[in-house]
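Below are the chains, spelled out letter by letter.
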Amino acid sequence: MRKAIIAGNWKMNKTPEEAAELVRALVPAVKGAACEVVVCVPSVCFDVVSKAAQGSNIHLGAQNVHFAKNGAYTGELSVEMLKACGVEYVIIGHSERRQYFGEMDATVNLRTLAAVAGGLIPIVCVGEKKEERESGYTDAIVQYQTLMALTGLTPEQVKGIVIAYEPVWAIGTGLTATDEQANETIGVIRKALQRHYGAAVADAVRIQYGGSMKPGNVKGLMAQPEIDGGLIGGASLNAPDFTAVVLFDR
Ligand code: 13P
């Protein structure tokens, strides 16, 4: 059985003060959640969030990581730096990074390899655009993005990663994939893992759905057999909504 994982992706939101306030509200609210709980916060909030979450079941995540150990990479953060701040998870290859910051499958792969080598758990994002779905390319796109991201990992390493299937057309739009659409595409990803890494690996990898997931639709999505959690944008920015998503099984 795979343990569900619900992660908030705060994106470029919250000052440290606002972050501390949100996490202080979440700590008692999500205590005892059956799923793993992660908040992926802006790096300026690592310190306050790790302090506010100390001793709780809320884990700290980042939204990107560089693949070099250190060096002349202005504006970037290394695995070692994130770990020193208490970060355990890192989102890699989010569609917004692909769309606005030139992220490519090759660099998603380098970041994933570096994160795994350094002991961070990557949350690797894949997903098709609207026109790709309409042209019938969804399965090809998500399989390609997934396998490219994982190239060079051992099957044992692949077991530990998290994949987030986020259809680009469902992000921040209020549009959600139907429960069945999300389940079907995640099933396609899992079958690709099975072909390349074997059934034991495919059965172990947790695959989240992301894209306008919120209190009103979390139950239906989480009832699908292939969906192991969620990557939550907008609904992770306030305590009542994120709590309701995390406690989807209540
Ligand atoms: P929304 O939940 O705001 O659609 O964002 C989803 C997302 O991109 C999470 O990474």
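This write-up is about the structure you can find in this document.

Basis of the calculations
Residues numbered from 1 in each chain as written. Predicted model: local features only at pLDDT ≥ 70, side-chain atom pairs only at ≥ 80, totals over all residues. Heavy atoms only, no water. Salt bridge = Lys/Arg side-chain N within 4 Å of Asp/Glu carboxyl O. Core = buried A, V, L, I, M, F, W, Y, C linked by side-chain atoms within 4.5 Å. Buried < 20%, exposed > 50% of the residue type's maximum accessible area, 1.4 Å probe, protein only. Contact = heavy atoms within 4.5 Å. Axes fitted to C-alpha atoms, helices over the stretch in contact; angles between N-to-C directions. Helix = DSSP H or I, 4+ residues; strand = E, 2+ residues; numbered from the N terminus. Parallel < 35°, antiparallel > 145°, perpendicular 65-115°, else oblique. Left-handed = near helix turned anticlockwise from the far one by under 90°. Nonpolar A, V, L, I, M, F, W, Y, C, P; charged D, E, K, R; others polar. Pairing = 2+ DSSP bridges. Expected span 1.5 Å × (residues − 1). Arc of directions from axis to C-beta. Near = heavy atom within 4 Å. Polar contact = N/O pair within 3.5 Å; in protein donor to acceptor, adjacent residues only side chain to side chain. Areas by Shrake-Rupley, 256 points an atom, 1.4 Å probe, with all protein chains shown as cover.

### Here we look at the pattern of salt bridges
Here's step 1: Applying the stated criterion across every chain yields a total of eleven salt bridges.
Here's step 2: Via salt bridges that share partners, Arg2, Arg190, Glu226 and Asp228 belong to a single interconnected network.

### Considering the nonpolar core
Here's step 1: By size, the foremost hydrophobic cluster in this structure holds 70 residues, and its most contacted members are Val49, Leu193, Tyr209 and Val246.
Here's step 2: Among residues more than four places away in sequence, those in contact with Val49 are Trp10, Ala19, Val23, Val39, Val41 and Leu60.
Here's step 3: Of all hydrophobic cores here, the second largest spans eleven residues; its members include Ala7, Tyr89, Ile123 and Cys125.

### What about the packing of helix H7 (residues 138-150) against helix H9 (residues 179-197)?
Here's step 1: Interaxial distance between H7 and H9 falls to 9 Å at its minimum, and their mutual angle equals 45°. Between H7 and H9, the crossing angle belongs to the class labelled oblique. Between H7 and H9 lies a crossing of right-handed hand. Facing Thr138, Asp139, Val142, Gln143, Thr146, Leu147 and Leu150 of H7, the residues of H9 in contact are Thr185, Val188, Ile189, Ala192, Leu193, Arg195, His196 and Tyr197.
Here's step 2: Taken together, the residues of the contact of H7 with H9 sort by class into eight nonpolar, five polar and two charged.

### With respect to the sheet that holds strand S6 (residues 162-165)
Here's step 1: Judged by pairing direction, the barrel is parallel, and its eight strands sit side by side in the order S1-S2-S3-S4-S5-S6-S7-S8 before closing back on the first. Between one strand and the next, the sheet's axes are offset by a mean angle of 25°, whatever the strand orientation.

### Here's the deal with helix H1 (residues 16-30)
Here's step 1: Its 15 residues give H1 an end-to-end C-alpha distance of 20 Å, which sits within 8% of 21 Å, the value for a rise of 1.5 Å per residue.
Here's step 2: Among the residues of H1, Ala19, Ala20, Leu22, Val23, Leu26 and Val30 are the ones counted as buried. All buried residues of H1 project into a common sector of 165° when viewed along the axis, lining one side. What points out from H1, more than 90 degrees from its buried face, is the exposed set Glu17, Glu21, Arg24 and Pro28.
Here's step 3: Contacts from the buried residues of H1 go to strand S2 (36-40), helix H2 (46-53), strand S3 (58-62) and helix H12 (239-246).
Here's step 4: In the segment just after H1, Gly32 is the residue with positive phi, at about 85°.

### Considering the site of the ligand
Here's step 1: Taken together, Asn9, Lys11, His94, Glu166, Ala170, Ile171, Gly172, Gly211, Ser212, Leu231, Gly233 and Gly234 are the residues near the ligand.
Here's step 2: Contact distances for the ligand include 2.7 Å between an oxygen atom and a backbone N or O atom of Gly172.
Here's step 3: Ser212 is positioned such that a nitrogen or oxygen atom in its backbone is 2.7 Å from an oxygen atom of the ligand.
Here's step 4: Taken by itself the ligand offers 310 Å² of open surface, and the protein chains cover 94% of this.
Here's step 5: Across the shell around the ligand, the residue classes break down as three nonpolar, seven polar and two charged.

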